[in-house]
Amino acid sequence: MKSSHSLISIALAGGLVIASAACAQDAPRARDLGIPLEGETGPLNAITDVAGVEVGQFNLNEDDTHTGVTTIFPRGRTATDGVAAGLFSFNGTGEMTGAHLINEFGAFFGPVAITGTLGVGAARDGILDWTAQNFDDPTVRFSRVLPVVAETYDGGLSDVWSMALTPEHVVAALDAARTGPVAEGSVGGGTGMVCYYFKCGIGTSSRVVHYGEDIAFTVGVLVQANHGVRDQLRIAGTPAGREIDDLMPRRASQADAAGEGDGSIIIVIATDAPLLPDQLRRLARRATIGMGRTGGQGDSSSGDIFLAFTTANPVTLGASAPLDYQSIPGEALDPLFDGVVQATEEAILNALVAGKDTTGRGNSHVYGLPHDRVREILARYGRLED
């Protein structure tokens, strides 16, 4: 691999834009509000608890532009192998490039990028530019000609038709990718996202799952949440969305209001458990239950696309001998299923809790989740955990 410098912040025409590694932020998380959540988390409670996974993010916040990109390297920036993978589309009114290759080969190579709908082309080009800059080997380059890029629509807060995201921004996010804590809320691809009519965006969580006394695996989830209408929102089983029936978004135009509905969510699941592609598809399907616990139901205009991969079975393109994969028995996946459901629910709630009041395009405005009111609701329903 060629040398590549980590870009932390750069000034470009049109305003200050920030690229960051998987850095922590000061915002509280769901557990800090006393939301009761199941399962044993990893040390960071993030997708980066799966060894080797690196996350980088890039934000564009200037005037009417509120967008960005989040990038995930399954095996780190220097890896040349691919990963076994499985894909599930709960509701397909959305896009994930490279999906046909994943379904056909049960694998993908290189990073995943998540961005706004009109940034998909820039993200694809940015991944290809980054690959050309960092790898000379023709086989490695060829393995990455179909990048994996997923999207949700950030047109409520951002002027999407300015197409502000560029391949250079994506390269910066890829360069910045690191292990460690992951910033949540209005960062990266989540910069302009809204869910349940509150400010939302990127969220992450993890679970440690046990097989007997001696074996443990990690499941990590990262979401870009941009889905759901207010009265659907449930927190720890309480009808929080119906209880908080004010603080509704202010739209930039009547056309925006006419297009309101259940938007989209991208869910990426990582694990170090040895699994085959069909088993990873089974894992991906379980993210639907985690989303449903928060109230999301995948309405007709929603793009709910879930990707699962394992770092345990590296995939080599053009191998001269059979690849040697290991797998957990198919009947023994329940602990991993539980981990996906629990981590998905918490990742969505973390994205919500991290959201802050935001004013965007055309004086549009979205409120952050009111933490004190959430605690009051949890207490009233006997669900507050101190």
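Here the structure is shown first, and the text comes after it.
Residues numbered from 1 in each chain as written. Predicted model: local features only at pLDDT ≥ 70, side-chain atom pairs only at ≥ 80, totals over all residues. Heavy atoms only, no water.

As a further point, take the overall build of the protein. When helices and strands are counted, the protein shows 9 helices and 16 strands. The C-alpha atoms of the protein give 20 Å as radius of gyration, which agrees with the globular expectation for 386 residues (21 Å, within 12%). When the backbone C-alpha atoms are referred to their principal axes, the protein occupies close to 60 × 55 × 35 Å. Sequence separation of 24 or more characterises 79% of the internal contacts of the protein that already satisfy a separation of 6 or more. Computing the positive centroid from 27 side-chain charges and the negative centroid from 46, the protein places the two 1 Å apart. (Helix = DSSP H or I, 4+ residues; strand = E, 2+ residues; numbered from the N terminus. Rg over C-alpha atoms; globule rule 2.2 N^0.38 Å. Contact = heavy atoms within 4.5 Å. Lys, Arg positive; Asp, Glu negative; His and termini not counted. Charge placed at Lys NZ, Arg CZ, Asp CG, Glu CD.)

Next up on the list: the side chain of histidine 66. Within the secondary structure, histidine 66 is located in strand β4 (residues 65-73). Within the structure, histidine 66 has its side chain in polar contact with the side chain of asparagine 61 (distance 2.7 Å). There is a polar contact of 3.0 Å between the side chain of histidine 66 and the backbone oxygen of aspartate 63. What histidine 66 contacts, discounting residues up to four positions off in sequence, is Leu60, Asn61, Asp154, Leu157, Ser158, Thr191, Gly192, Thr359, Gly360 and Arg361. (Polar contact = N/O pair within 3.5 Å; in protein donor to acceptor, adjacent residues only side chain to side chain.)

In the structure shown here, the tally under the stated rule is 2 cavities of 30 Å³ or more. Looking at the largest cavity, its volume works out to about 110 Å³. Considering only residue class, the lining of the largest cavity consists of 5 nonpolar, 6 polar and 2 charged. Considering only enclosed or pocket space, the second largest cavity measures out at about 60 Å³ in volume. If you go around the second largest cavity, the residues you meet are Phe73, Pro74, Arg75, Gly76, Ala79, Asp81, Gly82, Val83, Phe108, Gly110 and Arg144. Residue classes in the lining of the second largest cavity are distributed as 5 nonpolar, 3 polar and 3 charged. (1 Å grid on protein atoms, 1.4 Å probe; cavity = no way out; pocket = protein on both sides within 12 Å on 5 of 7 lines; lining within 4 Å. Points joined across faces, edges and corners; volume = space filled by probe spheres on them. Nonpolar A, V, L, I, M, F, W, Y, C, P; charged D, E, K, R; others polar.)

Our focus in this paragraph is the pairing of strand β3 (residues 54-62). Within β3, 7 of the 9 residues are buried, leaving the element largely enclosed by the surrounding structure. What sits between β3 and β4 in their antiparallel hairpin is a turn of 2 residues, with aspartate 63 showing a positive phi close to 55°. (Buried < 20%, exposed > 50% of the residue type's maximum accessible area, 1.4 Å probe, protein only. Pairing = 2+ DSSP bridges.)

What follows concerns the nonpolar core. Burial of nonpolar side chains together is a common tendency in soluble globular proteins. Membership of the largest hydrophobic core comes to 49 residues, with the highest contact counts inside it found for Ile35, Ile235, Ile269, Leu336 and Leu352. Of all the elements in the fold, those that place two or more residues in this core are β11 (201-211), β12 (215-226), β13 (264-271), α7 (277-293), β14 (303-315), α8 (334-354) and α9 (371-380). Tallying contributions element by element places α8 first for this core, with 10 residues. Counting 28 residues, the second largest nonpolar core, distinct from the first, contains Ala150, Val187, Leu222 and Leu307. (Core = buried A, V, L, I, M, F, W, Y, C linked by side-chain atoms within 4.5 Å.)

With that settled, the discussion passes to the pattern of salt bridges. Between side chains of opposite charge, a pair can form as their charged atoms come close. In the structure shown here, the tally under the stated rule is 13 salt bridges. Across the pair arginine 31 and glutamate 346 runs a salt bridge whose closest N-O atoms are separated by 2.6 Å. Pair noted here: arginine 31 is in the loop between β2 (15-21) and β3 and glutamate 346 is in helix α8, with a separation of 315 residues, a long-range link. Residue arginine 31 is classed as partly exposed on the basis of its relative accessible area of 34%. By relative accessible area, glutamate 346 is classed as buried at 1%. The salt bridge partner of arginine 141 is aspartate 136, with a shortest N-O separation of 3.9 Å. Shared partners join several salt bridges into a network, and the residues in it are Arg31, Arg207 and Glu346. (Salt bridge = Lys/Arg side-chain N within 4 Å of Asp/Glu carboxyl O.)

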